[in-house]
Amino acid sequence: MTSQFGPSYVRAIAPYIAGKPISEVAREFGLDAATIVKLASNENPFGMPESAKLAIAQAMGELGRYPDANGFDLKAALSERYGVPADWITLGNGSNDILEMAAHAFVEKDQSIVYSQYSFAVYALATQGLGARAIVVPAVAYGHDLEAMLAAISGDTRLVFVANPNNPTGTFIDGPTLEAFIARVPRDVAIVLDEAYTEYLAKDKRYDAIGWVRRYPNLLVSRTFSKAFGLAGLRVGFAIAQPELTDLLNRLRQPFNVNSLAQAAAIAALNDTAFLEKSAAVNAAGYRRLTEAFDKLGLEYVPSDGNFVMVRVGDDDEAGARVNLELLKQGVIVRPVANYGLMPWLRVTIGLPEENEAFIAALEKTLATA
Ligand code: PMP
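Worth saying up front: this structure is predicted, and the values here are computed from it rather than measured.

Visitor: Looking at this structure, I do not really get the site of the ligand. What am I missing?
Guide: Close to the ligand lie 13 residues; S95, D194, Y197, T224 and S226 are nearest. Contact between the ligand and S95: an oxygen atom at 2.6 Å from a main-chain N or O atom of the residue. Contacts to the ligand include D194, whose side-chain N or O atom sits 2.6 Å from a nitrogen atom. When the ligand sits alone it has 400 Å² of accessible area, and the protein chains cover 94% of it. Most atoms of the ligand, that is more than half of them, are within 2 Å of grid points of the second largest pocket. The leading source of residues in the shell around the ligand is helix 5 (residues 95–106), at three residues. Residues that form the shell around the ligand fall into these classes: four nonpolar, six polar and three charged.

Visitor: When you look at the packing of helix 4 (residues 72–82) against helix 11 (residues 260–271) in this model, what are you seeing that I'm missing?
Guide: When two helices pack together, their arrangement is captured by the angle between the axes and the distance separating the axes. In contact at an axis separation of 9 Å, helix 4 and helix 11 are set at 20° when each is read in the N-to-C sense. In this view, helix 4 runs roughly parallel relative to helix 11, as classed from their interaxial angle. Where helix 4 crosses over helix 11, the two elements pack in a sense that is left-handed. Contact with helix 4, carried on its side by D73, L74, A77, L78, R81 and Y82, involves Q263, A266, I267, L270 and N271 of helix 11 and no other residues of that element. Across the contact of helix 4 with helix 11, the residue classes break down as seven nonpolar, two polar and two charged.

Visitor: Looking at this structure, how should I read the side chain of T157?
Guide: With respect to the helices, strands and loops of the structure, T157 is situated in strand 5 (residues 157–163). With a relative accessible area of 0%, T157 lands in the buried category. Within polar-contact distance, the side chain of T157 engages the side chain of S112 at 2.8 Å. Reaching out from T157, the side chain makes a polar contact with the backbone nitrogen of S154 at a distance of 2.8 Å.

Visitor: Looking at this model, I keep getting lost on the pairing of strand 6 (residues 190–194). Mind explaining?
Guide: If a strand is regular, its side chains alternate between the two faces of the sheet. Counting buried positions over the five residues of strand 6 gives five, a clear majority of the element. Here strand 6 shows two buried faces, one formed by A190, V192 and D194 and the other by I191 and L193. Sheet analysis places strand 5 next to strand 6, joined by five bridges and oriented parallel. Bridge pairing in strand 6 places V160 opposite I191. Taken together, strand 5, helix 8 (residues 175–184) and strand 6 form a β-α-β motif whose crossover is right-handed.

Visitor: How do you make sense of the layout of surface pockets when you look at a structure like this?
Guide: Sizing a probe to match a water molecule and rolling it over the atoms shows the empty space that remains. A volume near 680 Å³ is recorded for the largest pocket. Secondary-structure elements contributing two or more residues to the lining of the largest pocket are helix 4, helix 9 (209–215) and helix 12 (273–297). Ranked by residue count, the leading element in the lining of the largest pocket is helix 12, at nine residues. Of the residues assigned to the lining of the largest pocket, the class counts are twelve nonpolar, five polar and twelve charged. Approximately 420 Å³ is the volume attributed to the second largest pocket.

Visitor: Explain the pairing of strand 3 (residues 112–116) here, please?
Guide: Counted residue by residue, strand 3 has five buried out of five residues, so it is predominantly covered. The two faces of strand 3 match: S112, V114 and S116 on one face and I113 and Y115 on the other face are all buried. Both strand 3 and strand 4 (residues 133–137) contribute to a ladder of five bridges, which runs parallel. Bridging from a neighbouring strand, I113 pairs with A134 of strand 4. Assessed by its sense of winding, the connection that carries the chain from strand 3 through helix 6 (residues 121–129) to strand 4 is right-handed.

Visitor: Any chance you could explain the domain arrangement of the chain here in plain terms?
Guide: In many analyses, interface size is given as the accessible surface area lost on bringing the parts together. Looking at the assigned domains, one finds that the chain contains domain 1 (8–47 + 274–368) and domain 2 (52–271). Taken residue by residue, the interface counts 31 residues in domain 1 and 31 residues in domain 2. For the domain 1 and domain 2 pair, buried surface summed over both sides reaches about 2,500 Å², with 63% attributable to carbon and sulfur atoms. Summed over the three residues of domain 1 that lose the most area to domain 2, namely Y9, D305 and Y340, the buried surface amounts to 27% of that side. Connecting domain 1 to domain 2 are one salt bridge. Of the charged contacts in the structure, one is a salt bridge between K205 and D305, with a shortest N-O distance of 2.9 Å. Applying the counting rule to domain 1 against domain 2 returns seven residue pairs in polar contact (both at pLDDT 80 or more). At the level of elements, helix 1 (8–11), helix 12, strand 10 (308–312) and strand 13 (345–349) are the ones that each hand at least two residues to the side of domain 1 that touches domain 2.

So, how was this worked out
Residues numbered from 1 in each chain as written. Predicted model: local features only at pLDDT ≥ 70, side-chain atom pairs only at ≥ 80, totals over all residues. Heavy atoms only, no water. Near = heavy atom within 4 Å. Polar contact = N/O pair within 3.5 Å; in protein donor to acceptor, adjacent residues only side chain to side chain. Areas by Shrake-Rupley, 256 points an atom, 1.4 Å probe, with all protein chains shown as cover. 1 Å grid on protein atoms, 1.4 Å probe; cavity = no way out; pocket = protein on both sides within 12 Å on 5 of 7 lines; lining within 4 Å. Sits in = over half its atoms within 2 Å of the grid points. Helix = DSSP H or I, 4+ residues; strand = E, 2+ residues; numbered from the N terminus. Nonpolar A, V, L, I, M, F, W, Y, C, P; charged D, E, K, R; others polar. Axes fitted to C-alpha atoms, helices over the stretch in contact; angles between N-to-C directions. Parallel < 35°, antiparallel > 145°, perpendicular 65-115°, else oblique. Left-handed = near helix turned anticlockwise from the far one by under 90°. Contact = heavy atoms within 4.5 Å. Buried < 20%, exposed > 50% of the residue type's maximum accessible area, 1.4 Å probe, protein only. Pairing = 2+ DSSP bridges. Right-handed = clockwise from strand over helix to strand, strands pointing away. Points joined across faces, edges and corners; volume = space filled by probe spheres on them. Domains from an automatic or database assignment. Buried area = accessible area lost by both parts, 1.4 Å probe. Salt bridge = Lys/Arg side-chain N within 4 Å of Asp/Glu carboxyl O.

Okay, here's the thing in structure tokens:
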């Protein structure tokens, strides 16, 4: 049905495709939900930390009231952790909310936004949602081509999105290279540096993006509690930027965009360094295990610095869908990335050791019978 409602640029949007929920796969394939392994949405396989569960239990009594619209306590905790004033912080309903807010706050309809091919799908959605022009810069080795992105910035460009590490490809730009890029972006062009996976970086790859925020008034760093902190279902993310950009976000932010339970849990998770360290360590071991298995199977993969890996499961354009279906039948949910134009590839989230083994076994079986 062709609708005449809404702007043409909204009608042109292909909606975001999320990872399949366990309950849906259980229904569709007649499987016991308890046996299904979901490695499709880059969630923390440990689930929510116990510290956050306790904080939620304590916050339950106040659910009849609205949340703190300013997120005072959470911002205070973030301010202390990252060494920035509280008025440099914006809270979001997930970092997805931050990305959308930034696009709406910094860009007008018909101006342009620059981002990389194969970078996180929400950049395209946010761009299309406001009727702005997307300048999509071809990727190099599945990652950002920063030189080409600089060259692509045009007179009407108001925003550049950079994901580091990037989803779905897992590619990573080292700190010095990234800062050199940021320094060369014109000062009237905002940069959203999306660091959803930054807590998974190996120690020798970490860099100080918050320090850059102090030096570059056009830089906004976006972070999330959905991945390493284990709170995906609660929806909490945040932005750190100087007041000029932060003030703009706050004009658009829905007053109660982060609910009370999410605020309480995020404070607990932020302080739970043991959980964070365990999550990163298990992720690193899982990455080694998965990539060893891919090597053994002779499968190409893109080296990843996130909590997921993109693996090429065949040569033809049907390969991703075909292998994905066989994995689903065996109760393993991963993520096809055909919507990125990466037809023969699948993205698998790194899980607990037994989940990784279940995936590897299902993949081996599928490829052996293909
Ligand atoms: N940025 C990137 C690169 C992501 O992969 C994701 C999650 N898929 C997000 C942002 C948004 O996550 P959330 O809204 O849960 O913070």
